[in-house]
Amino acid sequence: MIGFLRGTVASLKTDTCLLDVHGVGYRVSISDATRRELVQGKEAQLYTYLSVREDALQLYGFRTEQEYDMFLVLIGISGIGPKVALGILSSITVSRLATAITNEQTSVLTKLPGIGKKSAERLILELKDKLAFAAGADEQLTLTTDAPVGDTVLEEASAALAALGFAQNEIAIALRGLEKCETSEEAIKMALKKLSRK
């Protein structure tokens, strides 16, 4: 098992990177969160998971141990493979996912790629009491963004802004103070106005 790789980011694409480790190029699948922290030509360390299938070997890499640990937890759930787990982590932060599971917010989970109602219920059932991994659930919950996960309007606005390529910290700041918006469209418009002023 390859625990981590440290090398130079030789190439950076939407969901993969090539990490040059002493002249050997490792192709690693990465989440959006990890991609945002990588810079082509700069050195990086990725915590890795090697997926072994009959027809392929695939490396998955993560910038933080917290994200890596959540990935391992997710693929331990029946019906969730590495690609689905990576898609989930590209759509929501680890802390917000932990919050949604802890608070049994099925509506938040079903918006994630590859997660239907049954999968969401399975996530809650199997993970609610098992979130004390890595630094612990308490620390994860303190890392949640300013947009409450339980607020459907802000949650939808957050997802839309993320789809437009904005980082989670930018989204959190832009959505601050918009709790009174009646629709997600209104929240998105107001958030975009804030973001355009930057």
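Since the model is a prediction, treat every value here as computed from it, not as a measurement. (Residues numbered from 1 in each chain as written. Predicted model: local features only at pLDDT ≥ 70, side-chain atom pairs only at ≥ 80, totals over all residues. Heavy atoms only, no water.)

Asks: What's the story with the overall build of the chain in this structure? I'm lost.
Replies: For the chain, the helix and strand inventory stands at ten helices and five strands. In the chain, buried positions account for 43% of the 198 residues. Carbon and sulfur atoms make up 50% of the accessible area of the chain, which amounts to about 10,600 Å² in all. (Helix = DSSP H or I, 4+ residues; strand = E, 2+ residues; numbered from the N terminus. Buried < 20%, exposed > 50% of the residue type's maximum accessible area, 1.4 Å probe, protein only. Areas by Shrake-Rupley, 256 points an atom, 1.4 Å probe, with all protein chains shown as cover.)

Asks: Please clarify how the packing of helix α2 (residues 65-75) against helix α3 (residues 82-91) should be interpreted in this entry.
Replies: Helix-helix packing is characterised by the crossing angle of the two axes and by the distance between the axes. The contact between α2 and α3 brings their axes to 9 Å, and the two run at 135 degrees. In terms of their interaxial angle, α2 and α3 are classed as oblique. For α2 against α3, the interelement crossing comes out right-handed. Contact residues: Glu-67, Met-70, Phe-71, Leu-74 and Ile-75 in α2; Pro-82, Ala-85, Leu-86, Ile-88 and Leu-89 in α3. Partitioned by chemical class, the residues of the contact of α2 with α3 number nine nonpolar, no polar and one charged. (Axes fitted to C-alpha atoms, helices over the stretch in contact; angles between N-to-C directions. Parallel < 35°, antiparallel > 145°, perpendicular 65-115°, else oblique. Left-handed = near helix turned anticlockwise from the far one by under 90°. Contact = heavy atoms within 4.5 Å. Nonpolar A, V, L, I, M, F, W, Y, C, P; charged D, E, K, R; others polar.)

Asks: What is the right way to look at the confidence of the model for the chain in this model?
Replies: Residues shown with low pLDDT carry predicted positions that ought not to be read at fine detail. Per-residue pLDDT for the chain averages 81, and the proportion of residues at 70 or more is 87%. This stretch, residues 132-151, has a pLDDT under 50; its non-local contacts, to residues over four places away or in other chains, come to 38 contacts. (pLDDT = per-residue confidence, 0-100.)

Asks: Hey, could you run me through the environment of Ile-88 in this one?
Replies: Of note, Ile-88 is situated in helix α3. Taking relative accessible area as the criterion, Ile-88 reaches 0% and is therefore assigned buried. Apart from the residues within four sequence positions on either side, Ile-88 is in contact with Leu-74, Leu-97, Leu-112, Pro-113 and Ile-115.

Asks: Is there a simple way to explain the sheet that holds strand β3 (residues 24-30) in this structure?
Replies: Two modes of strand pairing occur in sheets, parallel and antiparallel, and in both the strands are linked by backbone hydrogen bonds. Strand order in the closed barrel formed by five strands is β1-β2-β3-β5-β4, and the pairing between neighbours is mixed. Averaged over all pairs of adjacent strands, the angle between their axes in this sheet comes to 55 degrees, without regard to strand direction. Against the sheet, α2 contacts β4 (43-52) and β5 (57-62), and its axis sits at roughly 10 degrees relative to β4. Here α3 sits on the sheet and contacts β3, β4 and β5; the angle it forms with β5, its principal contact strand, is near 20 degrees. (Pairing = 2+ DSSP bridges.)

Asks: When you look at the pairing of β3 in this model, what are you seeing that I'm missing?
Replies: Along any regular strand, the residues point their side chains to alternate faces of the sheet. Bridge count between strand β2 (residues 16-21) and β3: six bridges; the pairing is antiparallel. Bridge assignment links Asp-20 to a residue of β3, and that residue is Gly-25. The antiparallel hairpin formed by β2 and β3 contains two residues in its connecting segment, where His-22 sits at a positive phi of about 55 degrees. Bridge count between β3 and β5: three bridges; the pairing is parallel. Across the sheet, the residue bridging to Ser-29 is Tyr-60, located in β5.

Asks: Even after reading the chapter, I still don't get the packing of aromatic side chains, so can you show me in this structure?
Replies: Going through the model one piece at a time under the given rule, you end up with four aromatic pairs. Relative to Phe-71, the ring of Phe-62 lies with its centre 4.7 Å away and its plane at 45 degrees, an arrangement referred to as tilted. Just as Phe-62 is buried, Phe-71 falls in that class too. (Phe/Tyr/Trp six-rings, centres within 6.5 Å; stacked < 30°, edge-to-face > 60°.)

Asks: Is there a simple way to think about α3 in this case?
Replies: For the α-helix, the turn length of 3.6 residues means that residues three or four positions removed from each other point alike. Inspection of α3 places Ala-85, Leu-86, Ile-88 and Leu-89 among the buried residues, and these make up the whole buried set. Taken end-on, α3 shows its buried residues confined to a sector of 155 degrees, consistent with a single buried face. The inward-facing, buried residues of α3 abut β3, β5, α2 and α4 (94-102). (Arc of directions from axis to C-beta.)

Asks: Explain the nonpolar core here, please?
Replies: In summary, soluble globular proteins display a tendency toward joint burial of nonpolar side chains. Ranked by internal contacts, the top residues of the largest apolar core, which has 28 residues, are Leu-74, Leu-89, Leu-97, Leu-109, Ile-115 and Leu-123. Residue assignment for this core shows that the elements contributing at least two residues are β5, α2, α3, α4, α5 (106-109) and α6 (117-127). Those residues within four positions of Leu-97 in sequence are excluded, and the remaining contacts are Met-70, Leu-74, Ile-88, Leu-89, Ile-92, Leu-109 and Leu-112. (Core = buried A, V, L, I, M, F, W, Y, C linked by side-chain atoms within 4.5 Å.)

Asks: Would you mind going over the packing of helix α9 (residues 168-175) against helix α10 (residues 184-196) with me for this structure?
Replies: Close contact between α9 and α10 brings their axes to 9 Å; oriented N to C, the two are set at 110 degrees. The orientation of α9 with respect to α10, classified from their angle, is roughly perpendicular. Relative to α10, α9 is oriented so that their crossing is right-handed. Residues Glu-170, Ile-173, Ala-174 and Leu-175 of α9 touch α10, and the partners they reach there are Ala-187, Ala-191, Lys-194 and Leu-195.

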